[in-house]
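Architecture and fold: a report
Single-letter residue listing:
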Amino acid sequence: MQLRAMRGIRSCMSPTESFDIIIIGTGAGGGTIARRLAPSGLRILILERGGFLPRERENWDTKAVHADKRYLTKETWYDRDDQAFSPYTHYWVGGNTKVYGAALLRLRPSDFGEVRHYGGVSPAWPIGYDELERYYSEAEWMYCVHGERHRDPHDPPASRDYPFGPIEHEPRIAELACDLRDLGLRPFPMPIGVRLPNRPREQAPLRLSHFDGYPDVTESKADSHVIGVEAALAHPNVSILTGALAQRLVVDSSGRRVVGVEVLRDGRIQTYHGGTIVVACGAVNSAALFLRSACDGHPNGLANSSGMVGRNYMCHNNSLFVAVTGEPNPSRFQKTFGLTDFYRGVPDSSLPLGTIQLMGKPDPDTIRWLQGDRLPGLSAEDILAHSIDFFLTAEDLPDAENRVTLRADGSIRLCYRENNLEALRRLEHRLMITLDSVDRVRGRRAATYLTAKLGVSGVSHQCGTLRFGIDPRTSVLDTDCKAHDLDNLYVVDSSCFPSSGAVNPSLTIMANALRVGDHLLGRLGAGAAVKATGGVARSFVEARA
């Protein structure tokens, strides 16, 4: 394992070397664009502040992962009242995708236009769904998505089918899906990115288990490390430097070009030089990097002539919703369907509500927190044995005062005031009355519902902060995700999002990274080289064929 993980690393790398492209960050955006650019022959350096996440039995140990927070950052951020908190974020090769649930959904075409909500209006994107569609399809194949077209009532148009059929429901979840269909709803197979081996039909079905919120010791989860970075490192022109925290971007005397990246590694500052810089640190850290890079030519932060760097932070209105039923739920992997029947409204609401999806089983401490003084006499383990667990997502709206700033000591302050909460409240109520109807039809006592909205530390769906647009006065990046104010600085994480939609952001980040990668290949004259080499390293999908 260790030899394979170390491929592509050169410990003797010198900061005097110059690279054609430097990519900062290896999450959904950085890992994907690294794979896209790797066959070009261009000299590429990937900088990652974390290391390779160890493959160890603690990957699937609930206490180690959740109670001991073994893989979470130890970093402290501060909220708008300057109160310290621990962000739910992970610094490893692969970024937050190392522990994501791999739910890979597309934004809907309407999300790219202006949309009215309870809390206001979400703005239009500077590109349309049609411009991303082929990249969505490519990302689904790259990340081995299992799903089924036309079952989602708001399924966007697609030029290709999913590479693999849906993951089979376990019996309790199959029963619930059937009950929901009987009520006239349309539960659809959740598109999940996972690399499952071919198995003969006569063999027992393969069951996933610790997945959502856990690292995957088997590397079956299609994260940006195993799908993106490892494929990129198979090319001799690509190197990675781990434990390398990008501190500042250094510009030339004109103020129009980034010429280097100052990196803190092993207690020393070193500068690495590159012709094109691609930032993919996540919406919070990318904005912080731009702000830390203030200089004479950019006194308010790099690429900040608009004053928009760090502003319009979004993270979704996300809620944990645990239905404690009278029936056992022995499911080991229940994250196999979603509901978007309420995405664009319901009969008593013409305004959007959001997405409901099943999630991985919560850990006992989360259940105890949700339980409070309810259900006395039931332990967390009793509740987990009978619960069906949902993750609800309603859109939050961009607000210029929701922003990333830096404190005097350089630490991150995340100022966030919730909005559009009515949509989440109505979505929760809609799920409650739906599940009550299921129980009534089956003659069972109604479930007890334990719910909680994620707070400021829940940054898994972070986006905004460096929005892209046509007008340099109101946006940081242009439509190619290049900084308006600089000639060679690009961003490929979710910070470019003008609005958040109400689906997980990962697939949109991946698709946009492929789009920006193609732009860079064309701009740098390397597109022909990629085409001549067949594009990318042989994919998992091709290997199974």
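So, a few notes on the structure that sits alongside this text.

Notes on the overall build of the chain
Helix and strand content of the chain: 13 helices and 23 strands. Each principal axis of the C-alpha distribution contributes one length, and for the chain these read about 75 × 55 × 45 Å. A burial count over the chain gives 59% of its 545 residues as buried. Summarising the internal contacts of the chain: among those between residues at least 6 apart in sequence, 74% fall at separations of at least 24. Accessible area of the chain: about 21000 Å², with a carbon and sulfur share of 50%. For the chain, the centre of its 63 positive side-chain charges and the centre of its 64 negative side-chain charges are spaced 2 Å apart.

Re the sheet that holds strand 8 (residues 188-189)
Strand order in this open sheet of six strands is 8-16-17-18-15-21, and the pairing throughout is antiparallel. Looking at which strands have only one partner, the edges of the open sheet turn out to be strand 8 and strand 21 (448-453). The pairing of strand 8 with strand 16 (residues 337-339) spans two bridges and is antiparallel. From the neighbouring strand, F188 faces strand 16, where its bridge partner is G338. Across the face of the sheet, helix 5 (residues 171-182) comes into contact with strand 16, strand 17 (355-358) and strand 18 (387-394) while running at roughly 25° to strand 16. Along the sheet face, helix 8 (residues 364-371) touches strand 15 (317-324) and strand 21 and points at about 100° away from the line of strand 21.

Here's the deal with the nonpolar core
With 102 residues, the main nonpolar core has I24, L249, F290 and L489 as its most contacted residues. Examining the composition of this core, we find that nine residues originate from one element, helix 11 (residues 506-523), more than from any other. Discounting chain neighbours no more than four positions away, the residues touching I24 are L47, A246, L249, V261, I277, V278, V279, A280, C281 and L289. Within the second largest apolar cluster, 26 residues are counted, among which are F321, F390, A394 and Y449.

Let's talk about the state of the cysteines
Under the defined criterion, the tally for this structure stands at zero disulfides. In this structure C315 is a free cysteine whose sulfur lies 7.8 Å from that of C463, the closest cysteine sulfur available. A disulfide-free cysteine, C415 has its sulfur positioned 13 Å from the sulfur of C315, the nearest such atom. Judged by its relative accessible area of 15%, C415 falls in the buried class.

Concerning the packing of aromatic side chains
Inspection of the entire model under this criterion finds 11 aromatic pairs. On the numbers, 6.0 Å between centres and 70° between planes, the contact of F112 with Y129 is edge-to-face. With a gap of 17 residues between them, F112 in the loop between strand 4 (84-85) and strand 5 (115-117) and Y129 in helix 4 (residues 129-142) connect regions that are remote in the sequence. Using a relative accessible area of 4% as the deciding quantity, one classes Y129 as buried. Between F211 and F333 the ring centres are 5.5 Å apart and the planes differ by 90°, which places this aromatic pair in the edge-to-face class. Placement of the pair is F211 in the loop between strand 9 (192-193) and helix 6 (224-233) and F333 in the loop between strand 15 and strand 16, with a sequence separation of 122 residues. Three or more aromatic residues joined by ring pairs make a cluster, and in this case those are F112, W125, Y129, Y136, F468 and F497. Residue placement shows R43 over the ring face of F19; its charged tip is 4.8 Å from the ring centre. Stacked on the ring of Y78, the Lys or Arg R407 has its end atom at 3.6 Å from the ring centre.

Considering the pattern of salt bridges
This structure, assessed with the given rule, holds 34 salt bridges. For D212, the salt bridge identified is with K335, shortest N-O distance 3.1 Å. On the criterion of sequence distance, the pair formed by D212 in the loop between strand 9 and helix 6 and K335 in the loop between strand 15 and strand 16 is long-range, its members being 123 residues apart. The class of D212 is partly exposed, set by a relative accessible area of 22%. Note that R430 and D348 form a salt bridge whose closest N and O atoms lie 3.1 Å from each other. On the criterion of sequence distance, the pair formed by R430 in helix 10 (residues 421-442) and D348 in the loop between strand 16 and strand 17 is long-range, its members being 82 residues apart. It is possible to trace a salt-bridge network through shared partners that takes in R36, R134, E138 and D518.

Section: the packing of helix 2 (residues 28-37) against helix 6
With their axes 7 Å apart at the nearest point, helix 2 and helix 6 run at an angle of 35° to one another. As helix 2 runs across helix 6, the sense of the crossing is left-handed. The residues of helix 6 that touch helix 2, namely those facing A28, G31, A34 and R35, are S224, I227, G228, V229, A231 and A232. Across the contact of helix 2 with helix 6, the residue classes break down as six nonpolar, three polar and one charged.

Regarding helix 10
With 22 residues, helix 10 should cover 32 Å at 1.5 Å per step; its first-to-last C-alpha distance of 32 Å lies within 8% of that length. Turning to helix 10, its buried residues are A423, L424, L427, E428, R430, L431, T434, L435, S437, V438 and D439. Each element contacted by the buried residues of helix 10 is listed here: helix 5, strand 15, strand 17, strand 18 and strand 21. G443 sits one or two residues past helix 10 and shows a positive phi near 70°.

Some thoughts on unusual backbone geometry
Even without a glycine there, the phi angle at H150 is positive, about 70°. Mapped onto the fold, H150 is located in the loop between strand 7 (145-146) and helix 5. Assessed through its relative accessible area of 73%, H150 is described here as exposed.

Examining the pairing of strand 19 (residues 403-406)
For strand 19 and strand 20 (residues 412-415), the ladder comprises four bridges, and the chain directions are antiparallel. The partner of R403 across the bridge, within strand 20, is C415. The loop that links strand 19 with its antiparallel partner strand 20 comprises five residues; one of these, G410, has a positive phi angle of about 90°.

Things to note about the environment of E262
For E262, the position within the fold is in strand 12 (residues 258-265). In the structure, E262 is positioned 144 residues away from L406 in sequence and 18 Å away in space, judged by C-alpha atoms. Setting aside chain neighbours within four positions, we find E262 in contact with L245, A246, Q247, R248, V250, I269, Q270 and T271.

Describing helix 8
Within helix 8, burial applies to I367, L370 and Q371. Viewed along the axis of helix 8, the buried residues span an arc of 100°, placing them on a single side of the element. As for helix 8, its buried residues are in contact with strand 15, helix 9 (380-386) and strand 21. Taking the backbone nitrogen of D365 as reference, a side-chain oxygen 3.2 Å away marks D363 as the first, capping residue of helix 8. With its phi angle positive at about 55°, G372 sits one or two positions after the end of helix 8.

Cut-offs used in this document
Residues numbered from 1 in each chain as written. Predicted model: local features only at pLDDT ≥ 70, side-chain atom pairs only at ≥ 80, totals over all residues. Heavy atoms only, no water. Helix = DSSP H or I, 4+ residues; strand = E, 2+ residues; numbered from the N terminus. Buried < 20%, exposed > 50% of the residue type's maximum accessible area, 1.4 Å probe, protein only. Contact = heavy atoms within 4.5 Å. Areas by Shrake-Rupley, 256 points an atom, 1.4 Å probe, with all protein chains shown as cover. Lys, Arg positive; Asp, Glu negative; His and termini not counted. Charge placed at Lys NZ, Arg CZ, Asp CG, Glu CD. Pairing = 2+ DSSP bridges. Axes fitted to C-alpha atoms, helices over the stretch in contact; angles between N-to-C directions. Core = buried A, V, L, I, M, F, W, Y, C linked by side-chain atoms within 4.5 Å. Disulfide = S-S within 2.5 Å. Phe/Tyr/Trp six-rings, centres within 6.5 Å; stacked < 30°, edge-to-face > 60°. Lys NZ or Arg CZ within 6 Å of the ring centre and 35° of its normal. Salt bridge = Lys/Arg side-chain N within 4 Å of Asp/Glu carboxyl O. Left-handed = near helix turned anticlockwise from the far one by under 90°. Nonpolar A, V, L, I, M, F, W, Y, C, P; charged D, E, K, R; others polar. Expected span 1.5 Å × (residues − 1). Arc of directions from axis to C-beta. Polar contact = N/O pair within 3.5 Å; in protein donor to acceptor, adjacent residues only side chain to side chain.

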